[in-house]
Amino acid sequence: MSRFIALIPAAGFGARMGNQLPKQYLSLAGKPMIYHALHTLCSSASIFRVFVILAPDDHEWARYDWSSFADDKLAVRYCGGATRADSVLNGLKAMQSEASIGQDDWVLVHDAARPCLSAAQLEQLIEVLAPDEVGGLLAIPVADTLKRADADQRAVATASRAGLWQAQTPQMFRLGLLKEALSKVDSASITDDASAIEAMGLHPRLVLSDAYNFKVTYPQDLALAELILQKRETK
Ligand code: CTP
Ligand code: MG
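Below you will find a few notes about this structure. Owing to the predicted nature of the structure, the values given are computational and were not obtained by experimental measurement.

As a further point, take the overall build of the protein. A count of helices and strands for the protein gives six helices and eleven strands. The C-alpha atoms of the protein give a radius of gyration of 18 Å, which matches the 18 Å a tight globule of 235 residues would have. Dimensions along the principal axes, computed over C-alpha positions, put the protein at roughly 55 × 40 × 40 Å. The 235 residues of the protein split such that 49% are buried.

Take helix α3 (residues 119-129) next. Among the residues of α3, Gln121, Leu122, Leu125, Ile126 and Leu129 are the ones counted as buried. The buried residues of α3 occupy one face: seen down the axis, they fall within an arc of 130°. Among the exposed residues of α3, those pointing more than 90 degrees away from its buried face are Ala120 and Glu127.

To continue, consider the environment of alanine 85. The topology assignment puts alanine 85 in helix α2 (residues 84-96). Sequence separation between alanine 85 and proline 9 is 76 residues, and the spatial gap between their C-alpha atoms is 8.8 Å. Look past the residues within four positions of alanine 85 in its chain and what remains in contact with it is Leu182, Ser187 and Ile190.

Bringing the site of ligand 1 into the picture now. The immediate surroundings of ligand 1 are formed by 19 residues, with Gly14, Ala15, Lys23, Ser87 and Lys215 found nearest. At a separation of 3.2 Å, an oxygen atom of ligand 1 approaches a polar backbone atom of phenylalanine 13. Between ligand 1 and the protein, one listed contact pairs a nitrogen atom with a backbone N or O atom of threonine 83 at 3.4 Å. Under a 2 Å grid-point criterion requiring more than half of the atoms, the pocket assigned to ligand 1 is the largest pocket. Elements represented by at least two residues in the shell around ligand 1 include exactly β1 (4-10) and α2. Its residues placed into classes, the shell around ligand 1 shows eight nonpolar, six polar and five charged.

What follows deals with helix α1 (residues 33-43). Where burial is concerned, most of α1 is hidden: nine out of the eleven residues are buried. Listing the buried residues of α1 in full gives Met33, Ile34, Tyr35, His36, Ala37, Leu38, Thr40, Leu41 and Cys42.

Moving on to the pattern of salt bridges. Per the stated rule, a full pass over the model turns up seven salt bridges. With its nearest N and O atoms 3.6 Å apart, the salt bridge here joins arginine 63 to glutamate 60. Given a relative accessible area of 15%, glutamate 60 falls into the buried group. For aspartate 193, the salt bridge is made with arginine 84, and the minimal N-O distance between the two is 3.1 Å. Note that aspartate 193 is positioned in the loop between α4 (175-184) and α5 (194-198) and arginine 84 in helix α2, a separation of 109 residues in sequence.

Bringing a nonpolar patch on the surface into the picture now. Together, Trp165, Leu206 and Leu208 give the surface a local cluster of nonpolar side chains, amounting to about 290 Å² of exposed area. Relative to the assigned elements, leucine 206 resides in strand β11 (residues 205-208).

Further remarks concern the packing of aromatic side chains. For the coordinates displayed, the defined rule picks out five aromatic pairs. Relative to tryptophan 66, the ring of tryptophan 61 lies with its centre 3.9 Å away and its plane at 10°, an arrangement referred to as stacked. With respect to burial, tryptophan 61 and tryptophan 66 carry one shared label: buried. Taken together through their ring pairs, the aromatic side chains of Tyr25, Tyr35, Trp61, Tyr64, Trp66 and Phe69 make up a single cluster. Above the face of the phenylalanine 48 ring, arginine 3 is positioned so that its terminal group lies 4.0 Å from the ring centre. Over the ring of tyrosine 35 we find lysine 31, and its NZ or CZ is 4.8 Å from the ring centre.

Let us look at the layout of surface pockets. Taken as a whole, the largest pocket spans an internal volume of roughly 1,100 Å³. For the largest pocket, the lining is made up of 41 residues, of which Ala11, Gly12, Phe13, Gly14 and Arg84 are closest to its centre. At the level of elements, β1, α2 and β10 (165-174) are the ones that each hand at least two residues to the lining of the largest pocket. The dominant element in the lining of the largest pocket, judged by the number of residues it contributes, is β10, at four residues. Of the residues assigned to the lining of the largest pocket, the class counts are 16 nonpolar, 15 polar and ten charged.

The rules behind these values
- Residues numbered from 1 in each chain as written.
- Chains lettered and ligands numbered in written order.
- Predicted model: local features only at pLDDT ≥ 70, side-chain atom pairs only at ≥ 80, totals over all residues.
- Heavy atoms only, no water.
- Helix = DSSP H or I, 4+ residues; strand = E, 2+ residues; numbered from the N terminus.
- Rg over C-alpha atoms; globule rule 2.2 N^0.38 Å.
- Buried < 20%, exposed > 50% of the residue type's maximum accessible area, 1.4 Å probe, protein only.
- Arc of directions from axis to C-beta.
- Contact = heavy atoms within 4.5 Å.
- Near = heavy atom within 4 Å.
- Polar contact = N/O pair within 3.5 Å; in protein donor to acceptor, adjacent residues only side chain to side chain.
- 1 Å grid on protein atoms, 1.4 Å probe; cavity = no way out; pocket = protein on both sides within 12 Å on 5 of 7 lines; lining within 4 Å.
- Sits in = over half its atoms within 2 Å of the grid points.
- Nonpolar A, V, L, I, M, F, W, Y, C, P; charged D, E, K, R; others polar.
- Salt bridge = Lys/Arg side-chain N within 4 Å of Asp/Glu carboxyl O.
- Patch = residues over 30% accessible without salt bridge, like charges linked within 9 Å, V, L, I, M, F, W, Y side chains within 5 Å.
- Areas by Shrake-Rupley, 256 points an atom, 1.4 Å probe, with all protein chains shown as cover.
- Phe/Tyr/Trp six-rings, centres within 6.5 Å; stacked < 30°, edge-to-face > 60°.
- Lys NZ or Arg CZ within 6 Å of the ring centre and 35° of its normal.
- Points joined across faces, edges and corners; volume = space filled by probe spheres on them.

Have a look at this one:
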């Protein structure tokens, strides 16, 4: 039986957030941002273990109390790399050195910066993809009209949005396949895991998600994420 293992790359700086503190540690609904995704993943009975991949020089993680997460579920590794893809690949290699984890186990890669992932979305992703040959990701069809801009920030064309989806995370692939895929690509040229799988000629399945699972990228995103989390808590 294949297991489901989560991997949270959390070795970025959050440059677009423009804060001194890496964004995964910014306070969100009373907790560091990464706590929320960790909570959803660690609380799932489907998930065997959760690996957090930090920058080798991360000094923030150790400042918080993570004891509410079981020791046998949460594993922290200081092996992040220069790009997200490097962090994920290093994380997969660290995972692989554990006797209980095999090449055919499923890995769910989830951004630390997507704190609003719901338990329902997570279980839906696992249910849809567990029998799949390739794996896939949460995603949503593009809703807005898309403009092609010139160098003067003027619209030169309207691109068709038909068939276009926005990729989210978790992205779920078998450990061996994802490691092979990420080893072959130029890690600076990709921003998600599925694109490495696509480069192998495979077609990851898109599992319908919703806009709540957005990525916190800019300062104004924090207030929105907080509203979503608070609304969920009071339900
Ligand atoms: N990430 C990582 N290692 C890197 C770069 C990014 O583990 N070298 C992680 C981030 O910590 C985040 C996720 O990948 O959880 C998604 O990346 P993104 O939202 O781009 O975060 P940052 O790279 O930190 O932000 P920015 O691009 O604005 O600098
Ligand atoms: Mg980035």
